[in-house]
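# Residue-level structural notes
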Amino acid sequence: MSQPFIAVDWGTTNRRAYLIEGGAVVRTERDAVGILAVPAGGFDAEVAALRARFGGAPMLLAGMVGSNRGWIDAGYVPCPATLDSLAAALKPAAEHVWIVPGVSTIRDDRADVMRGEEVQLLGAVSAGLAPPDALLCQPGTHCKWARIEGGALSTFTTAMTGEMFALLRDHALIGAAMCAPVTEGPAFADGVARAGDGDLLSALFGVRPASLLGLREDADAASYVSGLLIGSDVRAQVGAGDTVHLLADPALGALYAAAIAQVGASAILIDSHAAFVAGITQLWERKP
């Protein structure tokens, strides 16, 4: 049995902590204390308080807490990245506290980075939730598409899919029509189909005249825009016959699975929390 430790998935707006003993989660806590909620110079106190609530066990932190906007910049491990290369680069942050580095890639002068997702991606493979050669997708504000080859994270691409939807809804002219929740239905499917035309910007503006001229109910506008964005995202990464392993919550995972099926591929939904626990536990076991 390994020493108990506290694993923390610490993002921009949320934080989730796990007390892990022998590879099993025995306690968990989730709150809205993301890195943006911590005042300047406040991370030491936040970490100490969290550690005290979990009995003083040592800690392994992952996510944006290790970014240049977080507590301590933990740097990046270049692709191809493995659990071993991540473990070798763990950043000491305080006594008995370490931070997992992110992962970077550069292809044809195009750079990309991730921080936190690497634990889930490699954890999914280590736990047998995804095969050692696979295409994985983590939908969200910044959707990650990752290629796993021989069990290593070989390359990845980030799409601003979720952030773009939020910007359009909250700040764009078409946002006034995007008043209803997104649902997986005909309007969403129409958006995915329209994304295949390769003319995303004009399709997005088309939401406005469709509303003015009564061609589409405003109740369907948000679903249609979601279909356009997710459809564009999926079509850029997935070919007919591909299998995509999705690390997503059920609602967002269902939308991506529908879009993936619509382009002739298939999706397998993975428990992202189980993947994180598996990955962070493996990193703890490999810690120098």
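Predicted, not measured: the structure shown is a model, and the values here were computed from it.

The next point concerns helix α1 (residues 43–53). Among all positions of α1, only F43, V47, L50 and R51 are buried. The buried side chains of α1 occupy one side of the element, clustering within an arc of 100° when seen end-on. Turned more than 90 degrees away from the buried face of α1, the exposed residues are A45 and A52. Buried-residue contacts for α1 involve β1 (5–10), β2 (15–21), β3 (24–31), β4 (59–63) and β7 (97–99). Backbone geometry just after α1 places G55 at a positive phi near 85°.

Here we come to the pattern of salt bridges. Pairing of side chains with opposite charge becomes possible as their charged atoms draw close. Counting across every chain of the model gives eight salt bridges. In this structure, R194 and D197 form a salt bridge, with 2.9 Å as the shortest nitrogen-oxygen distance. On the basis of relative accessible area, R194 is assigned to the partly exposed category, the value being 27%. Residue class for D197 comes out exposed when judged on its relative accessible area of 52%. One connected set of salt bridges, linked through shared partners, spans R15, D31 and E46.

Turning to the packing of helix α8 (residues 221–237) against helix α9 (residues 250–262), a few remarks are in order. Relative orientation of the contacting elements α8 and α9 amounts to 60°, with a least axis distance of 10 Å. On the basis of their axis angle, the class for α8 and α9 is oblique. Seen from above, α8 lies across α9 with right-handed handedness. Between α8 and α9, the residues in contact are S226, I230, D233 and V234 and L255, Y256, A259 and I260, respectively. When its residues are assigned to classes, the contact of α8 with α9 shows six nonpolar, one polar and one charged.

Turning to the side chain of Q120, a few remarks are in order. Locating Q120 in the fold gives a position in helix α3 (residues 117–126). Judged by its relative accessible area of 13%, Q120 is buried. Setting aside its immediate chain neighbours within four residues, Q120 contacts D9, Q138, L247, S272, A275 and F276.

Moving on: the packing of helix α5 (residues 186–195) against α9. As a packed pair, α5 and α9 sit with axes 10 Å apart at the nearest point and diverge in direction by 50°. Classified by the angle between their axes, α5 and α9 sit oblique to one another. The two elements α5 and α9 meet at a crossing, and its hand is right-handed. Here α5 contributes F188, A189, V192 and A193 to the contact with α9, which in turn contributes L255, A258, A259 and Q262. Split into classes, the residues belonging to the contact of α5 with α9 amount to seven nonpolar, one polar and no charged.

Cut-off values and rules
- Residues numbered from 1 in each chain as written.
- Predicted model: local features only at pLDDT ≥ 70, side-chain atom pairs only at ≥ 80, totals over all residues.
- Heavy atoms only, no water.
- Buried < 20%, exposed > 50% of the residue type's maximum accessible area, 1.4 Å probe, protein only.
- Helix = DSSP H or I, 4+ residues; strand = E, 2+ residues; numbered from the N terminus.
- Arc of directions from axis to C-beta.
- Contact = heavy atoms within 4.5 Å.
- Salt bridge = Lys/Arg side-chain N within 4 Å of Asp/Glu carboxyl O.
- Axes fitted to C-alpha atoms, helices over the stretch in contact; angles between N-to-C directions.
- Parallel < 35°, antiparallel > 145°, perpendicular 65-115°, else oblique.
- Left-handed = near helix turned anticlockwise from the far one by under 90°.
- Nonpolar A, V, L, I, M, F, W, Y, C, P; charged D, E, K, R; others polar.

These figures come from the coordinates and say nothing about function on their own.
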